[in-house]
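# What the coordinates show
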Amino acid sequence: MDGGQVAALIAAGAFLMLVLVLAVPILRLRHTVDAATRAINDLNDRTAPLLGNVNTTVENVNTALNQVHTSLDGVNLQLAKIDTMTGHAQNVTANVANLATVISAAAANPLIKVAAFGFGVRKAAAARRHAETEREVRDTIKQQRRAAKRANR
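Below: a short report on this structure. (Residues numbered from 1 in each chain as written. Predicted model: local features only at pLDDT ≥ 70, side-chain atom pairs only at ≥ 80, totals over all residues. Heavy atoms only, no water.)

Assigned secondary structure in the chain consists of one helix and zero strands. A compact globule built from 153 residues should have a C-alpha radius of gyration of about 15 Å, whereas the chain, at 61 Å, is more than 25% larger. Relative to its 153 residues, the chain shows a buried fraction of 0%. Taking the average location of the 18 positive side-chain charges in the chain and that of its 11 negative ones, the two points are 42 Å from each other. (Helix = DSSP H or I, 4+ residues; strand = E, 2+ residues; numbered from the N terminus. Rg over C-alpha atoms; globule rule 2.2 N^0.38 Å. Buried < 20%, exposed > 50% of the residue type's maximum accessible area, 1.4 Å probe, protein only. Lys, Arg positive; Asp, Glu negative; His and termini not counted. Charge placed at Lys NZ, Arg CZ, Asp CG, Glu CD.)

Before going further, it helps to spend a moment on a positive patch on the surface. A cluster of like positive charges, contributed by Lys142, Arg145, Arg146, Lys149 and Arg150, occupies part of the molecular surface. Assignment of secondary structure puts Arg146 in helix α1 (residues 3-152). (Patch = residues over 30% accessible without salt bridge, like charges linked within 9 Å, V, L, I, M, F, W, Y side chains within 5 Å. Areas by Shrake-Rupley, 256 points an atom, 1.4 Å probe, with all protein chains shown as cover. Salt bridge = Lys/Arg side-chain N within 4 Å of Asp/Glu carboxyl O.)

With that out of the way, let us pick up the pattern of salt bridges. Pairs can form between side chains of opposite charge whenever their charged atoms are close. Scanning the entire structure with this criterion turns up three salt bridges. The shortest N-O distance in the salt bridge between Arg46 and Asp42 comes to 3.4 Å. Here Asp42 and Arg46 lie together in helix α1, a separation of four residues that amounts to about one turn. Overall, Arg46 belongs to the exposed group, its relative accessible area being 58%. Put simply, Arg138 and Glu134 hold a salt bridge, and the shortest N to O gap is 3.2 Å. Linking Arg138 with Glu134, this pair stays in helix α1, spanning four residues, or about one helical turn. Note on Arg138: relative accessible area 48%, which makes it partly exposed. Residue class for Glu134 comes out partly exposed when judged on its relative accessible area of 31%.

That is the geometry; function is a separate question.
Structure, rendered in structure tokens:
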């Protein structure tokens, strides 16, 4: 054997030692990878039903949201109708107010005249009664003075 063959044998032996030294961590790494694979498979088995439940919940929420949306559309439609009715009620109220103003103006003028006439009649009657009372008092005083003058004579 020459030197090249001995060197090849030493290199082959060193390579064999390297393979043996690396085989132990590789085997341990294989066990770690297997455990990780089992954990991932177990996690996958457990999350599949959860994801199914989440999908069902999301579908139920979407259904509820669609119902709420439909209800809100109905409410908005009713509010639009109420707005229309409120506008009509405002118009009716304005027309009634205008009519009341016209009737008030038409009725107030004659009523004011009647009230003023009634006040004037009452005042005239009170003045007449007062004048009659004054006349009676004057006549009484005159008669008393005349009687007093006749008694003094």
